[in-house]
Amino acid sequence: MNKMNKAPFPWENKPAGDRGVIWRYSANPIIPRDLLSTSNSIFNSAVVPFDDGYAGVFRCDDTNRRMRLHAGFSVDGIHWNIDEDDIRLIDADAEIGAWVYGYDPRVIWIDDRYYVTWCNGYHGPTIGCAWTTDFRTFHQLENAFLPFNRNGILFPRKINGRFAMLSRPSDNGHTPFGDIFYSESPDMTFWGRHRHVMSPAKFELSAWQCTKIGGGPIPVETPDGWLLLYHGVLTSCNGFVYSFGSALLDLHEPWKVLARSGPYLLSPQKDYECIGDVPNVTFPCAALHDTATGRLAIYYGCADTVTSLAFGYVDEIVAFTKRTSIV
Ligand code: BMA
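Not measured: the values here are computed from a predicted model.

Peer 1: Let's hear about the sheet that holds strand S3 (residues 53-62): which residues, and what values?
Peer 2: The four strands lie next to each other as S2-S3-S4-S5, forming an open sheet whose pairing is antiparallel. In this open sheet, the two strands that pair with only one neighbour each are strand S2 (39-50) and strand S5 (81-82). For S3 and strand S4 (residues 67-74), the ladder comprises eight bridges, and the chain directions are antiparallel. Across the sheet, the residue bridging to Asp61 is Met67, located in S4.

Shown next as structure tokens:
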């Protein structure tokens, strides 16, 4: 469970006439590519409630086109101050501590600290892990898996007494395949009991997710199961198209998929989603959940260039997932 606070929740009501289950913020994108003096792009980033507001870990590719992580802070979840300096991890074993690259972070509070996972360069992409309590000092842990892997997503609490993580084994390039797997750890160091969760869908059933899929924000616990937003990729004649949809996973055995949306929740359609360094990408890495109202604020990267917000209600996304399920 995320630490809740009294900060204003980022929100805008659904525009009249909008038929979507989720809807975009009218002032998207919320983070421009050049917010930092050295940033080429800021996208695929993660935020959580922190102190009286919000904090986050941001993917900032610099103008050398190096992929770096930066801490950021906000009072309202919409306007962000992102540190000019990138995060320097401490405490790592020397063998894995040398920074190579890092991208697509996720952040979650579990028990007594915030954990960060990201795609970490170590002889290819794998899942890096670290913890912090203040978003100033980040303590690096062991990489969770062997390369090649991406999209490491922790569950927001231990399951059956163990840390639990989704991940997406991959290759060293722009992977043309990809299933979601589940793993457990007693200590955030040793990971095992790997279970298959789901594969891409059949092209003729749900084409937006037929090439590869990967977990998105931290799953949200609901009475109907873990609500997982995940991205799915279609291979078009003009390259990959990244949309996102939703699934419900069993609360006790999260590798069991209870429902999975056939239609996407959101796909690249706005100019800022279709035009950028990588066209046609919507890639969610975080969601804030207001448990009192059921509101969900989804942070997603757009065209590998900027960061945007979309909104929805958890119960409506759950109902949509069940109603349209292809399981
Ligand atoms: C994936 C990751 C994401 C990126 C996406 C589209 O493989 O690298 O960071 O948003 O490709 O380029």
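Peer 1: Outline the pattern of salt bridges, supporting the account with residue identities and numerical values.
Peer 2: Applying the stated criterion across every chain, the model contains 15 salt bridges. In this structure, Arg33 and Asp277 form a salt bridge, with 3.1 Å as the shortest nitrogen-oxygen distance. Separated by 244 residues along the polypeptide, Arg33 in the loop between strand S1 (23-24) and S2 and Asp277 in the loop between helix H2 (271-274) and strand S20 (282-290) bring together distant segments of the chain. Residue classification places Asp277 among the partly exposed residues on the basis of a relative accessible area of 31%. Notably, a salt bridge pairs Asp61 with Arg59, separated by 3.0 Å at the nearest N-O pair. The same class applies to Asp61 and to Arg59, which are both buried.

Peer 1: Requested: an account of empty space enclosed by the protein, with residues and values cited.
Peer 2: Under the counting rule described, the total for this entry stands at one cavity of 30 Å³ or more. Taken as a whole, the largest cavity spans an internal volume of roughly 30 Å³. Lining the largest cavity, in full, are Pro217, Ile218, Val220, Leu227, Leu228, Leu229, Ala287 and Leu296. The biggest single contributor to the lining of the largest cavity is strand S17 (residues 225-236), with three residues. Across the lining of the largest cavity, the residue classes tally to eight nonpolar, no polar and no charged.

Cut-off values and rules
Sequence order sets the numbering: in each chain, residues are counted from 1 along the sequence as written. Confidence filtering applies because this is a predicted model: local features only for residues at pLDDT of at least 70, side-chain atom pairs given and counted only at 80 or more, and all residues used for totals across whole chains, interfaces and linings. Note: side-chain values were computed over all heavy atoms of the structure, leaving out hydrogens and water. Pairs of strands are assigned from DSSP output, requiring at least two bridges between the strands. Numbering of helices and strands runs from the N terminus; a helix is a DSSP stretch of H or I covering at least four residues, while a strand is a stretch of E covering at least two. What counts as a salt bridge is simple: a side-chain nitrogen of Lys or Arg found within 4 Å of a carboxyl oxygen of Asp or Glu. When a residue's accessible area, from a 1.4 Å probe over protein chains only, is under 20% of the maximum for its type it is buried; when over 50% it is exposed; and in between it is partly exposed. A pocket here means an open set of points on a 1 Å grid, computed over the protein atoms alone, that has protein on both sides within 12 Å along at least five of seven lines. A cavity is instead a set of points where a 1.4 Å probe fits but cannot get out; residues with an atom within 4 Å of a point line either one. Grid points are joined across faces, edges and corners, and a volume is the space filled by probe spheres set on the points. Residues are sorted three ways: Asp, Glu, Lys and Arg are charged, Ala, Val, Leu, Ile, Met, Phe, Trp, Tyr, Cys and Pro are nonpolar, and all the rest, Gly among them, are polar.

None of the figures reported here should be taken as evidence of function without further support.
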